[in-house]
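# Commentary on secondary and tertiary structure
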Amino acid sequence: MKYYLIVGEASGDLHASHLMTALKQHDSQAQFRYFGGDNMTAVGGERVRHFKELAYMGFIPVLLHLPTILSNMRKCKRDIVAWQPDVVILVDYAGFNLSIAKFLTDYRKRPSTQWKGCPVFYYIAPKLWAWKEWRIKNIKRDVQELFSILPFEEDFFTKKHHYPIHYVGNPTADEVRAFRAGYKETELAFRQRYNLDTEKPIIALLAGSRKQEIKDNLPAMMEAVKSFPDYQPVLACAPGVEEEYYDSFISGSNLRTTHNDTYALLSHSAAALVTSGTATLETALFNVPQVVCYKTPVPRLVRWAFNHIIKCRYISLVNLIAYKEVVPELFADRFSLSDITKELSEILPGSSRRETMLREYEEIDRRLGNLPAADNAAREIISAIQSAQSVTLSPQ
């Protein structure tokens, strides 16, 4: 079968590449065409555009690059029609992808086209439970099957909005479990590889994957760990962010760094300061107690928006999956050096709160389940396509 995939950022490229690999295992005739990245290219098929040509975040960057975005959208629509896939698989990136889904809904209504269109599937649901919940009507109208990687999304889509979805497992959990099963490096060897103190426990600093996040969060993280001289901080540098960018923050300090080695760092860390995102879930799956830190502009306004507009109670995946505050979230008006220092002190070895957090991590791991996400999604996607085709081909 012919699969057309669209992603808009690095995490989507990674997850889509795993899905493509699984689809190839279950469909020997699988063909791929996509708006994607280097990971997807390594699997095979034909890349139409790199996701970096799509990935503009925030109002001003989107406005400045609007002609490019609209040009890429037109290109994508024409290319789908010309290639005539059996399915279009959207991966997160709601702004662009939901426009493509709407186009395909309208296209299928055209009376005199040679190609009759194809179903639209969504892998990794857009986070409507946090923002722009009204988009559920677009999902119901334009998306035939939705495959979720977060267990709490079943309640949001199926129970609240009566739109049945498939929870297929969590790819981050798969990746962490696979790494932990195969990682054999000793703590001493890791420390020697990065010229670390062989005695002091490590506090990992995960300051975000975007430059603005790093600029906002890293200075406070570095300052907070100075209150714990018996520990050594180690920074996990984000892939895609050049080393020179970090120099303006860490030059003159004794802060050690790792590059493309976050999982190894977490394997040997006693605690972590983490900017919200997938990293919070990764840290939990490595059983590392953490404090979530996220500085925002106009913090009081952000807090008001969070309380009155944004439709979720937490910003970290750990707490969202647990339905309660397992890890402290210091963002907006709660982000301060004194609070980071205080919260960090309460999760270091020997504290009762640390042990409570580790017990809660076990429940989060249980809720994620043991389904291999990409493989499970691939099998369900193929089954759903075959079912749709059998209905289309059956006599009326």
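Residues numbered from 1 in each chain as written. Predicted model: local features only at pLDDT ≥ 70, side-chain atom pairs only at ≥ 80, totals over all residues. Heavy atoms only, no water.

### Here's the deal with the sheet that holds strand 11 (residues 269–274)
- Judged by pairing direction, the sheet is parallel, and its 6 strands sit side by side in the order 10-9-8-11-12-13 without closing on themselves. Looking at strand neighbours, the two that pair on one side only are strand 10 (256–259) and strand 13 (329–331), the edges of this open sheet. Direction aside, the axes of adjacent strands within the sheet are offset by 25° on average.
- Here strand 8 (residues 202–206) runs beside strand 9 (residues 232–237); their pairing, made up of 4 bridges, is parallel. Its bridge partner lying in strand 9, Ile-203 is registered against Pro-233.
- Across the sheet, helix 10 (residues 211–225) touches strand 8, strand 9, strand 11 and strand 12 (290–294), and the angle it forms with strand 8 is around 165°. (Pairing = 2+ DSSP bridges. Helix = DSSP H or I, 4+ residues; strand = E, 2+ residues; numbered from the N terminus. Axes fitted to C-alpha atoms, helices over the stretch in contact; angles between N-to-C directions. Contact = heavy atoms within 4.5 Å.)

### Looking at the side chain of Ser-351
- By the element assignment, Ser-351 lies in the loop between helix 16 (337–345) and helix 17 (352–368).
- A polar atom in the side chain of Ser-351 sits 2.8 Å from the backbone oxygen of Glu-346. (Polar contact = N/O pair within 3.5 Å; in protein donor to acceptor, adjacent residues only side chain to side chain.)

### A short note on the confidence of the model for the protein chain
- Across the protein chain, pLDDT averages 90, with 94% of residues at or above 70.
- Predicted confidence for residues 56–60 stays below pLDDT 50, and this span has 7 contacts to residues more than four positions away or in other chains. (pLDDT = per-residue confidence, 0-100.)

### Remarks on helix 8 (residues 171–182)
- With 12 residues, helix 8 should reach 16 Å at 1.5 Å per residue; the first-to-last C-alpha distance of 17 Å fits that figure.
- Among all positions in helix 8, only Pro-171, Thr-172, Ala-173, Glu-175 and Val-176 are buried.
- In this structure Asn-170 caps helix 8, since a side-chain oxygen of it lies 3.0 Å from the backbone nitrogen of Thr-172. (Expected span 1.5 Å × (residues − 1). Buried < 20%, exposed > 50% of the residue type's maximum accessible area, 1.4 Å probe, protein only.)

### Digging into the sheet that holds strand 3 (residues 46–50)
- A sheet is described by the order of its strands in space; here 7 strands give the open sequence 3-2-1-4-5-6-7, paired in parallel fashion. Either end of the sheet is taken by a strand with one partner, and the two such strands are strand 3 and strand 7 (166–167).
- Inspection of the sheet shows strand 2 (residues 31–36) paired to strand 3 by 4 bridges, in the parallel sense. Along strand 3, the bridge assignment pairs Gly-36 with His-50.

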